[in-house]
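This is what each chain is made of:
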6 protein chains.
Amino acid sequence: MRGSPLVRKLVSLALEEDLALGDVTGELAVSAEHRSSARIVARQRLVVCGLEVISMVVEEARFSLEVRQRSRDGVEVNGEEVLAELEGPTRQILAAERTILNFLQRLSGVATHTRDFISAAKGLTVLDTRKTLPGWRLLDKYAVSVGGASNHRLSLGDMVLVKNNHIDAHSHGIRGALERVSGSKPPYMPWEVEVRNMEELAVALEFRPTVIMLDNFPNEGIRAAMQAIAAAPQRPLVEVSGGITKERLAALRELGVDAVSAGFLTTHAPNVDISMRVNTTYYAA
Amino acid sequence: MRGSPLVRKLVSLALEEDLALGDVTGELAVSAEHRSSARIVARQRLVVCGLEVISMVVEEARFSLEVRQRSRDGVEVNGEEVLAELEGPTRQILAAERTILNFLQRLSGVATHTRDFISAAKGLTVLDTRKTLPGWRLLDKYAVSVGGASNHRLSLGDMVLVKNNHIDAHSHGIRGALERVSGSKPPYMPWEVEVRNMEELAVALEFRPTVIMLDNFPNEGIRAAMQAIAAAPQRPLVEVSGGITKERLAALRELGVDAVSAGFLTTHAPNVDISMRVNTTYYAA
Amino acid sequence: MRGSPLVRKLVSLALEEDLALGDVTGELAVSAEHRSSARIVARQRLVVCGLEVISMVVEEARFSLEVRQRSRDGVEVNGEEVLAELEGPTRQILAAERTILNFLQRLSGVATHTRDFISAAKGLTVLDTRKTLPGWRLLDKYAVSVGGASNHRLSLGDMVLVKNNHIDAHSHGIRGALERVSGSKPPYMPWEVEVRNMEELAVALEFRPTVIMLDNFPNEGIRAAMQAIAAAPQRPLVEVSGGITKERLAALRELGVDAVSAGFLTTHAPNVDISMRVNTTYYAA
Amino acid sequence: MRGSPLVRKLVSLALEEDLALGDVTGELAVSAEHRSSARIVARQRLVVCGLEVISMVVEEARFSLEVRQRSRDGVEVNGEEVLAELEGPTRQILAAERTILNFLQRLSGVATHTRDFISAAKGLTVLDTRKTLPGWRLLDKYAVSVGGASNHRLSLGDMVLVKNNHIDAHSHGIRGALERVSGSKPPYMPWEVEVRNMEELAVALEFRPTVIMLDNFPNEGIRAAMQAIAAAPQRPLVEVSGGITKERLAALRELGVDAVSAGFLTTHAPNVDISMRVNTTYYAA
Amino acid sequence: MRGSPLVRKLVSLALEEDLALGDVTGELAVSAEHRSSARIVARQRLVVCGLEVISMVVEEARFSLEVRQRSRDGVEVNGEEVLAELEGPTRQILAAERTILNFLQRLSGVATHTRDFISAAKGLTVLDTRKTLPGWRLLDKYAVSVGGASNHRLSLGDMVLVKNNHIDAHSHGIRGALERVSGSKPPYMPWEVEVRNMEELAVALEFRPTVIMLDNFPNEGIRAAMQAIAAAPQRPLVEVSGGITKERLAALRELGVDAVSAGFLTTHAPNVDISMRVNTTYYAA
Amino acid sequence: MRGSPLVRKLVSLALEEDLALGDVTGELAVSAEHRSSARIVARQRLVVCGLEVISMVVEEARFSLEVRQRSRDGVEVNGEEVLAELEGPTRQILAAERTILNFLQRLSGVATHTRDFISAAKGLTVLDTRKTLPGWRLLDKYAVSVGGASNHRLSLGDMVLVKNNHIDAHSHGIRGALERVSGSKPPYMPWEVEVRNMEELAVALEFRPTVIMLDNFPNEGIRAAMQAIAAAPQRPLVEVSGGITKERLAALRELGVDAVSAGFLTTHAPNVDISMRVNTTYYAA
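J.: Help me understand the overall build of chain A, please; the structure alone is not making it clear to me.
T.: Scanning chain A from N- to C-terminus turns up 11 helices and 12 strands. Counting only C-alpha atoms and orienting by the principal axes, one finds that chain A spans roughly 75 × 35 × 25 Å. Going through the 285 residues of chain A one by one, you find that 65% of them count as buried. Counting contacts in chain A only where the partners sit at least 6 residues apart, residues at least 24 apart contribute 73% of the total.

J.: I'm lost on the relation of the copies chain C and chain D in this one. Help?
T.: The two chain copies are related to each other by a rotation about an axis together with a translation along it. Mapping chain C onto chain D leaves a residual RMSD of 0.0 Å; the transformation is a rotation of 180 degrees accompanied by 0.0 Å of translation along its axis. Taken together, the rotation and translation describe the operation of a two-fold axis. Of the interface residues in chain C, 100% have counterparts in chain D that sit at the interface too, so the contact is made through matching surfaces.

J.: What is the right way to read the interface of chain C and chain D from this model?
T.: Think of interface size as the accessible area that goes away when the parts come together; that is how it is often given. The interface of chain C with chain D comprises 64 residues on the first partner and 64 residues on the second. For the pair chain C and chain D, the two sides together bury roughly 5,600 Å², of which 59% comes from carbon and sulfur. Taken together, the connections running from chain C to chain D amount to 6 salt bridges. In this structure, Glu16(C) and Lys9(D) form a salt bridge, with 3.0 Å as the shortest nitrogen-oxygen distance. Seen at the junction of chain C and chain D, the total is 34 residue pairs in polar contact (both at pLDDT 80 or more). Looking at the side of chain C that touches chain D, its residues break down into 28 nonpolar, 20 polar and 16 charged.

J.: Honestly, the domain arrangement of chain A in this entry has me stumped. Any pointers?
T.: Residue and element names in this part refer to chain A. Looking at the assigned domains, one finds that chain A contains domain 1 (5-117 + 270-283) and domain 2 (119-267). On the domain 2 side, the residues contacting the 19 residues of domain 1 number 24 residues. Summed over both partners, the interface of domain 1 with domain 2 buries about 1,800 Å², with 69% contributed by carbon and sulfur atoms. When the buried area of domain 1 at its contact with domain 2 is split by residue, Arg106, Thr114 and Phe117 rank highest and sum to 40% of it. Counting every contact that joins domain 1 to domain 2 gives 1 salt bridge. Mapped onto the side of domain 1 that touches domain 2, the elements with two or more residues apiece are helix H1 (5-19) and helix H4 (90-118).

J.: Please explain helix H9 (residues 219-230) of chain D as it appears in this structure.
T.: Each α-helix winds once per 3.6 residues, and so residues spaced three or four apart point in a common direction. Residues and elements named next belong to chain D. With 12 residues, H9 extends 16 Å from end C-alpha to end C-alpha; this agrees with the ideal 16 Å at 1.5 Å per step. Among the residues making up H9, those that are buried are Gly221, Ile222, Ala225, Met226 and Ile229. Down the axis of H9, the smallest arc covering the buried residues is 140 degrees, so these residues share one side. Across from the buried face of H9, at angles greater than 90 degrees, the exposed residues are Glu220, Arg223, Gln227 and Ala230. Residues of H9 that are buried make contact with helix H8 (198-206), strand S9 (211-215), strand S10 (237-241) and helix H10 (249-255).

J.: Would you mind going over the packing of aromatic side chains with me for this structure?
T.: Residue and element names in this part refer to chain B. Tallied over the entire structure, the rule returns 12 aromatic pairs over all chains. Relative to Phe264, the ring of Phe117 lies with its centre 5.0 Å away and its plane at 75 degrees, an arrangement referred to as edge-to-face. Taken together, the residues Phe117 in helix H4 (residues 90-118) and Phe264 in helix H11 (residues 264-267) connect sequence positions 147 residues apart.

Conventions we followed
Residues numbered from 1 in each chain as written. Chains lettered and ligands numbered in written order. Predicted model: local features only at pLDDT ≥ 70, side-chain atom pairs only at ≥ 80, totals over all residues. Heavy atoms only, no water. Helix = DSSP H or I, 4+ residues; strand = E, 2+ residues; numbered from the N terminus. Buried < 20%, exposed > 50% of the residue type's maximum accessible area, 1.4 Å probe, protein only. Contact = heavy atoms within 4.5 Å. Least-squares fit on C-alpha atoms with pLDDT ≥ 70 in both. Buried area = accessible area lost by both parts, 1.4 Å probe. Salt bridge = Lys/Arg side-chain N within 4 Å of Asp/Glu carboxyl O. Polar contact = N/O pair within 3.5 Å; in protein donor to acceptor, adjacent residues only side chain to side chain. Nonpolar A, V, L, I, M, F, W, Y, C, P; charged D, E, K, R; others polar. Domains from an automatic or database assignment. Expected span 1.5 Å × (residues − 1). Arc of directions from axis to C-beta. Phe/Tyr/Trp six-rings, centres within 6.5 Å; stacked < 30°, edge-to-face > 60°.

Put into C-alpha cells, the structure is as follows:
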C-alpha cells in the first residue's frame, strides 16, 4: 500500500460518510467498556490485497484497536482463511467493520480479477489505465500490481501521452503536436504517442518517442505497424490498446508487441467476499 | 445528485490524484488559448446517472468550461446518444475528461445494474446496503435510487440496526440488547432488528421494532417467520437479507415479505461505456 | 460524546483560532521543560457534560498531556467538585486551558438548562430542534440528551419533515406536496408533517405520516386536533411546537400529545462556571 | 464581518453538519426548477449583526441565490423589520434557511446583549475575553464590537497576558516571570500583567507593562491599587476583571480605572428571534 | 518553533507534494523490514534552527521513526556537527530525508543570515517584516528570532500599521485616516503610522501612535524628524525602514532611533548546507 | 503556472497566515465602499514569473478584484515595467498586496537566478533538484523552467532514482539493489542510478538504466566514466551532480555529459524587487 497522503484522505472520507452522525446503534447497544476480538476472514478464493488499510482506518478514526495481520498482500487464499485480527473496544470494532471490509473487498477484488487475466499473458506486459475509480487512483493501481499486472502512468503529471485529442487540437496535426512536445518536455520524462493509422505512425516514429500506442488496431494492422517500427532508426516500445481480451493475448504476444493496456482490470472487477467475525467471549471490564 | 459536501470532497480528491503534478501533456501539446467543444456519448445501452457531477468537476477544478446537459438521470439510452456537452479551453476539457468519464461510468453502471435487477421485483421493495465503495456512499446510493431501487439507511447515524454482533456482545443476549436500545433511542428514529432464528424473532417482536430483518433464512423459514410475525401485536416491516437472487424474488414476494436488501447492487456493478468526443473544428482565439 | 469526524473538526478549528499565531505568553514566561498538574473544577451546581472533549483537545493539539476523568457526563455536581485532571508540560496545559473550558462551559450549560426544563415534563417527550449553534450540531444535541431530553432529527438528511414552506412551494398545496413525498421517500425513513390548521391536518392524516407536528396551536386547537387524529385510520405520533413553556407542559401532557419540541434548549442556555486550577508544586525536570 | 479564512471554515462546517446526507425533504417535496424569494425578518427588538454571513453561507454551499441586504450591522431594529432578501431556487433557500438563521440569531444575540450592557458604561471601556464559543472566536468578537464594546486580545498569539498560572509556574514568582517576559517579548507587542494583591502590583509596576489587570479586587482594593499605580514612574492602563456587573460600572468609572473585561458578553447572551418568510407566489420556470 | 496549526499544515503540504504518488524508489529498492539510523549533520558554519520540525515531519507522515535532537536552536555550530539522529524503518528515513533537510536548510539559513546582520546592530532593535515566504510566515519569523532579531507584527490582524496606501485612500489624507483609526481601534492593540515627510510626521504625532515609521528617510531627514518627535507631547517609538544596510546601522543608532526593519532578513537569506548520513550497519529484522 | 490543487493549497495557506485574524488596519482606515486601481511594477531587471498566481490569490480569498496581466511569464523586463493591474475594493487590494508580492518576488527571483546561470550552459541541459522550498515544489520547478532550465523528477513518485542510501541499505550492495529495482519497476518509468566510483558505474551499466548520475566526480573522473559509458551495450544519459559552477559548464559540455543538476537554482535564489502602486484617484461610490 503506497504511503501517500491521498490514500489517507480517502480513508478519512470513508469514515466521515459513515460516521458523520455517529454510530447510534453501537452507542445504544454496547457499553463503552465492552471489549472484543475479531477475525477478518476470506469467504471465497481470492488474492489478498489491502491489509495495511486496516491500520489506516483504525488510525484515521483515532481508535485504539490492536491490529494483527495474518496474511500478506499478493497471497492467494481460499475461503475461511483468516486475513487479520482486531482487538479492543467492541464499539470501535463495530464502527470500523463495514469501512474496513468495503476497502478489502474492492482491493482484493481488483487483485483477484487481475491475477485471473494475467494468467494468460505469459510474459506479455499487461498495463492498467487511468480508468480507476475516482478517489481510488493509487489504491486501484496498487491492487493491479498486487494482482500481477504493471502500472501505466499514475496521473496526468508523471508521463507525457499524446492522444488523438491533442493531435486534433493542433492545426498542423500530429507533426505540429509532436514538435511542440518533443522540443520542450522534461528531458527524463517518458513520452508516448497514440496513433490511429500508418500515416500517423510514420510521423510519430520520426520523433523517437519512448512508446508507441497502437489504438484499436486489428491484428493484421498491428503486423504492418510492427514492420514499420522495426525499420525505424530507434525502436520504441509498442503498446496495444483497445479490444484486448484474454483470448487475443497469445496472438499479440506472437506479433511482438511489448505491452497491452486494459481498462477492465479496474472497471469490471467485482468485489470479493470477505467478512468479519466478532468473538465476544473475550471480555475485559 | 445530493448536494452534500462529502460528494464535493470526493470530486476534489479525484482531481487531486490526477492533477497533483499538473497535466504535462496538455500544457506541452495545446496552447493556452485553444478552445474546443466536446460531447459525452453513451457507447452502449445504459441508464444515465450522474450528469450533475460534470459541473461539479468543472467547478472544483476552477475551470471555466460551459456545461450543457443533453439527457436526464434515470433515462435509458442506447449507444451513440449524447449525454452532455462541454465548451471552453481545450486544456481544461482534456484535463477534466478522464475524471468526468470515470464518475459517469461508475454511476451509470450502478444505475444500469440496479435497473436490470429491479425488473424482476414487480412491487417488492429492493434495498441497497452500506456495502458501497469507500468515499462513494452518497453517490452509490444515489445511483441505486436512479436505477429504481430504494435506499436503506445512509450511515451508522441515521437509523438503528441491531445486528448479530450487537446481540452477541451483550451478556443477556438479544433481550438485553433490545432493552438497552428500545428504552433510549431517539423517539422518531426507525429501528431494525436482525434475527437468525425463531427464538430471536420471538423476543424481537416483543419490542415492536420498525423492521425485522430475517438474516439468511431459507424460504420455508421465512414462511414460519411470517406466521409468527402475523400473530404479533404490532406487525413490523419484514426485510429479507442474504442469498437474494433475481430468480428468488417471485417466491419472496409471494411469501409476503416487504423488502429485500442486496449488497451486489453496488459490489458487483461493472462500469458502463461512455466516452468523450472532442470537436476541434470549433476554434476561437 | 459522539465519535463523529465533525466534532474533531470543530475542536481543530477552536485550537486554530486561539493558536494560529502561537501562545506567545506561554513561550516567553514558562520554560519548555516545566511540568504541572491541573484540576478542572465546577464552580456552581451543574450537570456535567463533555468530559471526552478534554482528550480530544489534547489529541488534536498533538499535546502529550495525561487526562484523567474524575466525574461522568450526566452527573449533577455542586461547586468545587473536581471533574477531571491533567498532567504534563505546563505550556501545553496553559495553551489548552481556555479551549477546554469554553467547551465544557457550553456543553454543561446546555445539559444543565435542559435538565431544569425536563424536571417539569414528567413523561412527556421533550425534543430539541435544529436551532443549534453553527458548527455545534452534534455537540449541542449530545448535551441535550445528557440533560435528559430527546433528539429530534440530527440534520436535513436523516428524516423527512414537510414544513409550511414545502407545502406553500407546491401548486397543489399540502396534498400535492405529500403525494410527492409519500410516494418516493426511502421506505424506512420516518416522516413528519407540520400542519397549521384543521384542514391541513385532515389531508395530512390521509397520508399516514409517522409524526404530525401541530405548529403554534393553542391548547383548545390541540384538543380538536387530537380528536381528529384519534379518528384517523392510523394514529401518528403528535408533536406540538411553538410557544412551549415549562408552565404549559402539564396541560399538554393532559391533552395527550406525545412530544413537544423546544428550540430554547439550545438557543437560551447560558454557560455554566467551570475553571482550571493549576498545581505547580509538581515539578519534574 | 472579518474576512478571515477561519470564519469560512466555520460556515463550511455548519453546512456540512446539516447537509452531509443531503436535504431529503427538499429533494422529495420541491422540484429542482421551482424558484422563490424570501425575506429574513427580525421578530423582536435587536441589534442587527452578521448580515455578511448570509452571502458566505450561499457561497460556501455553492448555491446560486441572490442576496440583498436590507439593513446594516449595528442598527437597532424592532420586530417585523426586514433584514435581507434572498431569491433563487427554492430548494437552495430551504437548505440554507436554518444555517443562516442560526448564525444571525447568535450574532445579533451577542450584539444586542452587549449593547444593553454598554448603555451603563458611559465612557468606561468594556472589553470582551477569550470566553467565546469554540469555533466562534472572530464572530463572537465581531458581534461584541458591533454591540459597542471593545475587543481584548483575539488569541494567544497577538498580545502577552501574564496570568496567575504563569506566575505560579515560576520558581521566583512574579518577578521571575516578568523578567523572562519583559526581556524578550516582541518589542511592539502590548503586554498585560494580572495581579492578585498589592505585593504583586508593586512588582508588576516596576516592569512598566502596558496594562495592569486587577483580578477580583473589591472596590476598596481598587482604590488602594489606583493610588499605588498613580505613584508609579509610568502609569499603565488599568483593567478590572471579575465580578463586573451593570450596577458596579458607575463606581468603577469613578475609581478611575480604564477598562473592565467581562466574559458574560459572550457566555450569557441568549439568541434573538429572527425568521425567514418564503414567498412562493414568485415562480419562474 | 511555535506550536501553530499553520506550521503543521505547511509540513503536511510539503509531504504531500513529495509523496502524493508514493516513494517508488524506496518501495522497490528497500525491503519494508529494513531499519537504519541516520545523522543530520551541518556541512558549514551555521546557526541551528528548526530542530522541532523533524518530529513534526515524522508525525505528520505517520512514520514511526525515533528522533533525538543533538543540538539546540540558536546554537552556532561548525561543519560536521551532528544536529539530530533518526532511527527506524529505512524506507521512512529515506522518504522523509529531503523534506526534513529542505526545512532545516531554509530555517537555519534565515537564522544564520540574521545573526550575521545583527552583529552590527549593537543594541539597535532589528525587526523583520511581512516579506516572508508565502506559507512560511511563522517559520520565517521564528528563524529571525532565533537569529537574534525581533519580530514586527505577525499578520494583518495583530497590530495596526497605517501605511501610505491607507492614507492616500482617504479623501482627507493622513488626518482623516488617523481620525478613523485612533477613534475605534481595539484599545490595547499597538498602532504605527508610516510617514513620508515632516508634514505627515507633524500630523501623526498629534494622534500619539505607539510607533512612528520613517519611510525611506535619509539620515539628515531622520535627524530633523527626531527633533520634531522629541518635542511631541508623548514620544512614540521610532522605526526606520527602507535602505537599511549593515554599514548604516551605527549612524542610525547614533541618531537615536529605536528600531530598523529589514525585509532582506527573509528575502535574501540563502539556504545553508545540511545533509543526512544514513548508517545501514544497524540492522534489525 | 501548473493547475495543481497543491498550488491552490499553498495560496490558501498564505492567505490564512496573514488574514487569520482579519486585516485590522484596512477595516479601520478604509471604508468598505472605497475602490482603487493598482499596478504591480518591477523595480529592477528581472525575468517575470508567476503572473497567474495573482488571480489565484484573488480567487482563493474570494475577493472581487479584476486582474489584468500586462506582461508574460518568461519575459525579461527592466525596472518600472508594469506587470499587472488590479481594480476593485481598496480593502481587498490592500489585504492581498503583500501575499501577491511575496509570491511574485520569489518566483521571479528563481526565474531570474536560473536565467543568469543558464546563459553559460550553451546547450548543456541544466536540471533542478528536489531541494525546493517545502510547500513550493511545483512553483519552484515552474520558476526554474520559466528561467530556462529543465525539470528533474517532480516528486518521489514519478521517477526511480537509486541513490547511495538505497545502495548501502542493501546487503548485496549496488548489484542487489539494482536487481530488485530493474525487475519490478513500472515498465515506462525512467530510472536513474547514482554512482560514486568506476566500480559502481560498471555494475550500473549492466542494468541499462535510463540515466547515470556521476555524483561529485572531478572532471578527470568524468572523462574516465564517459569512456566506460561509451563502451556499454546501451548508452544511458549522463548527468553530473555536485560541485556545479557556472565556470565549470564549458568543461562539462566538452566532456560530453548530457546534463548537470544544481540545487542552488532554488536554494540560493534571492527575491527580486517588485512593488504595488495603488492609484486612489480612481473612486467609485
